[in-house]
Amino acid sequence: MVRRLRRAERSRRLLLLRALVEETMKSPELAGPLPPPDDAWELLARVQENAPAALDVVLAHPYTGTWAGYTTRLVRNRITGACPTWMHVGHLHALAAAAAIRAGLDFQTRIPLWNGGAILPTLGLARLAADSPWSVARVCREHGRVEVSGEGGTVRLPTAVAADAPGWWGIPRLTVRAGGRELSVHLDDLDPYRGLYEPVPPQRIEDTERSAWRALLDEAWRLIAAHLPDTADALSAGLDAIVPGPLDPFRISSSSTGEAFGSAIISRPPDAAGLAATLLHEFHHIRLGGLLHLTRLHDADPRERFYTPWRDDPRPIAGVMQGAYAFFGVTACWRAIARAGTGAGQRRASFEFAHWREQTWRVLRVLRAAAALTPAGRRFTDGIAERLGPWRDEPVPADLGALARAVGADHYAGWRLRHLRPDPRTVTGLAEDWLAGGRPATPWPVTDRPPTPVPDGSWSRARADLVRLRLSTSSDARDASSALSRTWSSVPDATAADFAYASGRFVDAARAYRAELAANADRPASWVGLGLALSELGTIPAARALLRYPEVVRAVYRRIPDRARTASTPEDLASWIGRFTYSAGGL
């Protein structure tokens, strides 16, 4: 399937390139000080005639797709991007030059020079002195020698272009092998079109960082090749480049775009298992992006109305489709590692498997019921469900299953608290009923109101980070708690209450969350944290209200006059709402 998607992507990019050439030929001013785009097209035709494999490399380059889509939008909509339009249009000459160098053809042309950097896609970046941020460099290949020159001097490319040389940064390739399988990717920190939305300048990483990536990728590939061999074969055929980001010790940031087929932007993970899961996550995005260039899986519907456990904001159906498929891949990865591992690694993998199988199923169930799905979309989501459904019956340790459910409840309650707005009439009525001291007489709404993308307060993922940190340190509970006590304060936004909760000290956690709410009764993470701690302590009515309808509890509490708050606590109110409203059928 991946090779078929690649062939389709090649055809799509050729069509985009030709359409862009024809569009810009109608407006010669778009070429700026560079040769007309048709010159680049003719050079690409020479490459196709003499060394078609060289052209295939450049066409398959992920950022050829990013550039083609981005520049086409600029030209057709007559808008300005990160650089003058001629710089973007002129990147076609850089692509043609790179292809010709790979083909061993003699040629000369001019290419854009951005802040002194002249990119030759798939090869590297020549660095020249430049007085202007947007200027031009000359590229010449003659008798086997390639030079890039400008007003600030000349750079000669080394024979091994992946290596660095004076004035030249190469794009290194990382190749790892395991179980008779090979993965070879560029670690690209240079190409201006490697970002998601706008061109970005080069961000050269240090040799030590590159070595860390190599070691992580080697170990991650061993995991994938050993435990997911079919996926390894597809990944080897479909992943071309990783854009490296800095280390984040507590969570992994990653992204990709359908236009950059074969590329993933990934912050350096703290361990190989995390990298393996992230590679599968982004590879599923890549495959789905390629598929969406061939068929529609859903009708256009930009409304941000769906809950997803991997995002803190409501999502449109397009994002839900992407996320469901990507986290199906994540679930498959953790399942395989859990089935094969031992010790702390197995416990963490079992937790992640338990968490993501339920959260992905939760979203998939809603997605499959969406009226916007096309017949192809229904077949696609049914196929995911057919694989994922039976995994829900596979056993995991009881404590890890409970922990996974708590982490899921944590995020969902925080999402509700920030993005759902209760009916003002319900809120007012419940506040009046509470102050009157009786049972609630106000009818409870049967359905939720649509979510709003504007959050009511900020959210903290510190509790989930602390839970994962504890699971990653040791399979022995005492050792894990001791390790967590030394590191919890370095987790962004973590509070002493979060540490107590993650350590299993629920009485201390509840007390600390009460203190947080006394200091700031609007903080979403404190409301939800109190609900989680009370749930563990068996305080069911209050926990039920705080975890199922926290937005109602907070909204009613806001309506209670300050003088009345001194005689009651958020917990009292939550218990009242949870006890009486639940018995009436609302919760």
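Quick caveat: nothing in here was measured; it's all calculated off a predicted structure.

K.L.:
Break down the overall build of the protein chain for me, with residues and values.
P.N.:
Regarding its fold elements, the protein chain presents 22 helices and twelve strands. The C-alpha radius of gyration of the protein chain comes to 28 Å, within 12% of the 25 Å expected for a compact globule of 587 residues. Across its three principal axes, the protein chain shows a C-alpha extent of roughly 90 × 50 × 50 Å. Of all 587 residues assigned to the protein chain, the portion counted as buried reaches 57%.

K.L.:
Run through the packing of helix α8 (residues 272–292) against helix α9 (residues 317–340), naming residues and quoting values.
P.N.:
Interhelical geometry of α8 versus α9 gives an angle of 145° and a closest axis separation of 8 Å. Remark: the crossing between α8 and α9 carries right-handed chirality. Residues Ala-273, Gly-274, Ala-276, Ala-277, Leu-280, His-281, His-284, His-285, Arg-287, Leu-288, Gly-289 and Leu-292 of α8 lie in contact with α9, whose contacting residues are Met-321, Gln-322, Gly-323, Tyr-325, Ala-326, Phe-327, Phe-328, Gly-329, Val-330, Cys-333, Trp-334 and Ile-337. Split by residue class, the contact of α8 with α9 holds 15 nonpolar, eight polar and one charged.

K.L.:
Go over the packing of aromatic side chains with me, naming the residues and quoting the values.
P.N.:
Within this structure, the stated rule accounts for 15 aromatic pairs. With 5.1 Å between their ring centres and 70° between their planes, Tyr-307 and Trp-415 make a pair best called edge-to-face. With a gap of 108 residues between them, Tyr-307 in the loop between α8 and α9 and Trp-415 in helix α12 (residues 398–419) connect regions that are remote in the sequence. Across this residue pair, the class does not change: Tyr-307 and Trp-415 are buried.

K.L.:
Outline the pairing of strand β12 (residues 263–267), listing residues and values.
P.N.:
The element β12 is largely enclosed, with a buried count of four among its five residues. In this sheet, β12 lies alongside strand β10 (residues 241–245) in parallel orientation, the contact comprising five bridges. Looking across to β12, one finds that Val-243 is bridged to Ile-265. Two elements, strand β11 (residues 254–255) and β12, share two bridges in a ladder whose sense is antiparallel. By the bridge assignment for β12, Ser-255 is matched with Ile-265.

K.L.:
Give me the lowdown on the sheet that holds strand β8 (residues 173–178), citing residues and values where you can.
P.N.:
Strands belonging to one sheet form pairs held by backbone hydrogen bonds; the direction of such a pair is parallel or antiparallel. What the five strands build is an open sheet, ordered β8-β9-β10-β12-β11; its pairing is mixed. Looking at strand neighbours, the two that pair on one side only are β8 and β11, the edges of this open sheet. Together, β10, β11 and β12 form the strand contacts of α8, whose direction differs from that of β12 by roughly 145°.

K.L.:
So, the side chain of Thr-308: which residues are in play, and what are the values?
P.N.:
Mapping Thr-308 onto the fold places it in the loop between α8 and α9. Residues contacting Thr-308, with those up to four places away along its chain left out, are Arg-315, Val-320, Val-363 and His-411.

K.L.:
Tell me about the pattern of salt bridges, and please be specific about residues and values.
P.N.:
Inspection of the entire model under this criterion finds 42 salt bridges. Across the pair Asp-233 and Arg-181 runs a salt bridge, and its minimum N-O distance is 2.7 Å. Of this pair, Asp-233 sits in helix α7 (residues 229–238) while Arg-181 sits in strand β9 (residues 181–187); the two residues are 52 residues apart in sequence, bridging distant segments of the chain. With relative accessibility at 24%, the residue Arg-181 sits in the partly exposed group. Taking the shortest distance from any N to any O, the salt bridge between Arg-296 and Asp-299 comes out at 2.8 Å. Here the residues in one salt-bridge network are Asp-456, Asp-522, Arg-554 and Arg-558, joined through shared partners.

K.L.:
A description of empty space enclosed by the protein should follow, citing residues and the corresponding values.
P.N.:
Scanning the model with the defined rule gives four cavities of 30 Å³ or more in all. By volume, the largest cavity amounts to about 50 Å³. Residue lining of the largest cavity: Thr-66, Tyr-70, Arg-73, Tyr-193, Gly-195, Leu-196, Tyr-197, Glu-198, Pro-199 and Glu-259, and that is the complete set. A breakdown of the residues in the lining of the largest cavity according to their chemical character gives five nonpolar, two polar and three charged. As a volume, the second largest cavity reaches approximately 40 Å³. Residue lining of the second largest cavity: Ala-406, Val-407, Asp-410, Arg-463, Ala-464, Val-467, Tyr-501 and Leu-532, and that is the complete set. Residues of the lining of the second largest cavity, tallied by class, amount to six nonpolar, no polar and two charged.

K.L.:
Which residues make up unusual backbone geometry, and what are the values?
P.N.:
In the Ramachandran plot, Asn-115 falls in the positive-phi region, its phi being about 50° despite a non-glycine side chain. Mapped onto the elements of the fold, Asn-115 is located in the loop between β1 (107–114) and β2 (117–120). In this structure Asn-115 comes out as exposed when scored by relative accessible area, which is 56%. In this model, His-143 sits at a positive phi of 55°, which is unusual for a non-glycine residue. Locating His-143 in the fold gives a position in the loop between β4 (134–142) and β5 (145–150).

K.L.:
Mind laying out the environment of Leu-190, listing which residues take part and the relevant values?
P.N.:
Inspection of the secondary structure puts Leu-190 in the loop between β9 and α6 (207–227). Overall, Leu-190 belongs to the buried group, its relative accessible area being 1%. Leu-190 sits 19 residues away from Ile-171 along the chain, and the two C-alpha atoms are 7.4 Å apart. Beyond its immediate sequence surroundings of up to four residues, Leu-190 is in contact with Ile-119, Gly-124, Leu-125, Trp-169, Gly-170, Ile-171, Pro-202 and Arg-204.

K.L.:
Can you explain the environment of Leu-297? Please cite residues and give values.
P.N.:
Residue placement: Leu-297 occurs in the loop between α8 and α9. Judged by its relative accessible area of 2%, Leu-297 is buried. Along the backbone, Leu-297 and Leu-373 are 76 residues apart, and their C-alpha atoms lie at a distance of 6.0 Å. Once residues within four sequence positions are removed from consideration, Leu-297 is found in contact with Leu-288, Leu-291, Leu-292, Met-321, Leu-373, Thr-374, Ala-376, Gly-377 and Phe-380.

K.L.:
Outline the nonpolar core, supporting the account with residue identities and numerical values.
P.N.:
Membership of the largest hydrophobic core comes to 70 residues, with the highest contact counts inside it found for Leu-217, Trp-221, Ile-224, Leu-279 and Trp-334. For this core, the element with the highest residue contribution is α9, accounting for 14 residues. Those residues in contact with Trp-221 that sit more than four places away from it in its chain are Val-176, Arg-177, Ala-178, Arg-181, Glu-182, Leu-183, Ala-232, Leu-235 and Ser-236. Counting 52 residues, the second-largest nonpolar core is a separate cluster that includes Ile-111, Ala-137, Leu-157 and Ala-165.

K.L.:
Please give an account of the pairing of β8 that cites residues and values.
P.N.:
Side chains on a regular strand alternate between the two faces of the sheet. Side chains Leu-174, Val-176 and Ala-178 project from β8 onto a buried face, and the interleaved Arg-173, Thr-175 and Arg-177 project onto a face without burial. When β8 meets β9, the two strands line up antiparallel, connected through six bridges. Its bridge partner lying in β9, Thr-175 is registered against Ser-184. The antiparallel pairing of β8 with β9 creates a hairpin that spans two residues between the two strands, and Gly-179 there sits at a positive phi of about 55°.

K.L.:
Describe in detail α9, supporting the description with residues and values.
P.N.:
Residues three or four positions apart in an α-helix share a direction because the helix packs 3.6 residues into each turn. Look at α9: 35 Å from first C-alpha to last across 24 residues, which is about the 34 Å you get at 1.5 Å a residue. Of all 24 residues making up α9, 21 are buried, and the element is well covered by its neighbours.

The rules behind the values
Residues numbered from 1 in each chain as written. Predicted model: local features only at pLDDT ≥ 70, side-chain atom pairs only at ≥ 80, totals over all residues. Heavy atoms only, no water. Helix = DSSP H or I, 4+ residues; strand = E, 2+ residues; numbered from the N terminus. Rg over C-alpha atoms; globule rule 2.2 N^0.38 Å. Buried < 20%, exposed > 50% of the residue type's maximum accessible area, 1.4 Å probe, protein only. Axes fitted to C-alpha atoms, helices over the stretch in contact; angles between N-to-C directions. Left-handed = near helix turned anticlockwise from the far one by under 90°. Contact = heavy atoms within 4.5 Å. Nonpolar A, V, L, I, M, F, W, Y, C, P; charged D, E, K, R; others polar. Phe/Tyr/Trp six-rings, centres within 6.5 Å; stacked < 30°, edge-to-face > 60°. Pairing = 2+ DSSP bridges. Salt bridge = Lys/Arg side-chain N within 4 Å of Asp/Glu carboxyl O. 1 Å grid on protein atoms, 1.4 Å probe; cavity = no way out; pocket = protein on both sides within 12 Å on 5 of 7 lines; lining within 4 Å. Points joined across faces, edges and corners; volume = space filled by probe spheres on them. Core = buried A, V, L, I, M, F, W, Y, C linked by side-chain atoms within 4.5 Å. Expected span 1.5 Å × (residues − 1).

From the geometry alone we can't say anything about function, so treat these as descriptive.
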